[in-house]
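Here's the letter readout for the chains.
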Amino acid sequence: MKKILIAGDAMLDSYHFGEVNRISPEAPVPVFLEKGKQKYSPGGASNVAVNVAAIGVPTDIFAVVGEDEYGRKLNEQLEAENIKTDLLIARKGYRTISKLRYIGPGNQQILRVDTEDASEIPSKELDEAFARLEKRADEYGIFVLSDYMKGLLSEETTQRFIDIAERHGIQVLIDVKDRNIAKYRNATLLKPNRKELAELTGLPTETVEHAVLAAKELCKSSGCEYVMATLGADGMILVNSDGLISQTKSVASEVFDVTGAGDTSIAYLAAEMIIGTPVEQAMIVANYAAGVQVSKVGTSIVYPDEVCAAMQEDGQATGAFLDYYQEGGLEPIHRLKAQGKKIVFTNGCFDLLHVGHISYLKEAKKLGDILVVGVNSDESVRRLKGPERPINTVEDRMLVLASLDFVDYVVEFREDTPADLIRKVVPDVLVKGGDYKLEEIVGADFVQANGGMVKVLPFVQGKSTTNLVEKMRKG
């Protein structure tokens, strides 16, 4: 898979949490009582980068920070997400762009304090970084330019990126802010919101029909292939110079905080396009990712499993990257394990869920924090149980298991045993039901060698899928 380069205005978002229970006697303003809880998140272009990296795409960032505490903290957070930062330029005398938010009860934002220097960064200061980029340009499939109008993406610098992209067959997606259309000429795709689209074109955008006409005009005037405009409650539209290609409705069920929604949507758009998802389908995925983001507080990483869940809940087919992710979609489990959660693993066919299964799975969950259930594929069940099984498809079996509140993750495996899946999950506890001896349990040696525990739980006597099938056959 080729890499994605994120270039643009990087910043650090910081959140200080506290309470407000009185008005100051000095002025009619609330008194914010800080409680010591603080949170730091990459913002702007760096928020796009951490979201792309969390999806699983190799990611580099080209940005400018200061030689200050916030710059160092931002660099550390990016590297912690496996983002290559050798194109992250530490500029002398420059203060890293930051947004400090004071958050009160109910996660209500009380005040935001910005620190920034939006003066244009001289192109010559970027020459060394551009030289390194040019040498490895063939590693990239997409450039994402995140323009917050904070000094890095001048017209000259933006066109330097587009020029490199044109010479190396790289697509360029730009989250736009500037009214200067010439700055963005010949990009692959521009992503304005409704207000930015109106400012870029001087045309009305109040209705979807007006927005389509404005986006069509922007395609022509900028020489770009697509415009993907975000229209708030009206969702998103994808337009080329001929007119509307596709439209998707807003999917946000609860809008809690719109911070970072644009960053998240372009991150998922790029991740889908990097492996060839048609841009129309990539837009749908981007729309759902933005919907997940606005349900969170502040700039946050949106993970693929969250987007998959949102799309599946609506009966939507996921994009190519999310399908790829689901094939080995164990990142959420690994993430929880890294956070110190105790992972319990068990497996089975679970063809007809019965009281024995329920009792067994409840007991398994008590052995740790997260219960992961491996489920045999339909082909695997047929090989093990015969041509008349399974009775229920793997999709139905997984959906029923996932609906149990004591089951956290359900993962399909296609082999006859879960040995490979166990090696990928690396559980802390491996559970089997029945009267197995330790040496008979698949994966037991691996789990124990990695410091884990193996546990055998008794089944409920007389309760089995085989018995249920036999009863049905007898009427």
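Source: prediction; values computed, not measured. (Residues numbered from 1 in each chain as written. Predicted model: local features only at pLDDT ≥ 70, side-chain atom pairs only at ≥ 80, totals over all residues. Heavy atoms only, no water.)

Draft legend 1. Expanded view of the overall build of the protein chain. On a plain count of helices and strands, the protein chain comes out with 17 helices and 18 strands. With respect to the principal axes defined by its C-alpha atoms, the protein chain has extents near 75 × 60 × 45 Å. Considering the protein chain as a whole, with its 475 residues, one finds that 53% of them fall into the buried category. Within the protein chain, residue pairs in contact and separated by at least 24 positions form 68% of the contacts whose partners lie at least 6 positions apart. Entry remark: accessible area of the protein chain is about 21,600 Å², with carbon and sulfur atoms responsible for 48%. Across the protein chain, the mean location of the 55 positive side-chain charges is 4 Å away from that of the 70 negative side-chain charges. (Helix = DSSP H or I, 4+ residues; strand = E, 2+ residues; numbered from the N terminus. Buried < 20%, exposed > 50% of the residue type's maximum accessible area, 1.4 Å probe, protein only. Contact = heavy atoms within 4.5 Å. Areas by Shrake-Rupley, 256 points an atom, 1.4 Å probe, with all protein chains shown as cover. Lys, Arg positive; Asp, Glu negative; His and termini not counted. Charge placed at Lys NZ, Arg CZ, Asp CG, Glu CD.)

Draft legend 2. Spatial organisation of the packing of helix 7 (residues 261-274) against helix 8 (residues 279-293). Interaxial distance between helix 7 and helix 8 falls to 8 Å at its minimum, and their mutual angle equals 145 degrees. Between helix 7 and helix 8 lies a crossing whose hand is right-handed. Where helix 7 abuts helix 8, its residues Ala261, Thr264, Ser265, Tyr268, Leu269, Glu272 and Met273 lie against Val279, Ala282, Met283, Val285, Ala286, Ala289, Ala290 and Gln293. (Axes fitted to C-alpha atoms, helices over the stretch in contact; angles between N-to-C directions. Left-handed = near helix turned anticlockwise from the far one by under 90°.)

Draft legend 3. Structural view of the pattern of salt bridges. For the coordinates displayed, the defined rule picks out 28 salt bridges. Residue Glu196 pairs with Lys177 through a salt bridge whose shortest N-O separation is 3.4 Å. On the criterion of sequence distance, the pair formed by Glu196 in helix 5 (residues 194-201) and Lys177 in the loop between strand 9 (171-175) and strand 10 (189-191) is long-range, its members being 19 residues apart. According to the relative accessible area criterion, Glu196 is buried, its value standing at 9%. Through salt bridges with shared partners, a single ionic network connects Lys3, Asp60, Asp86, Arg136 and Glu139. (Salt bridge = Lys/Arg side-chain N within 4 Å of Asp/Glu carboxyl O.)

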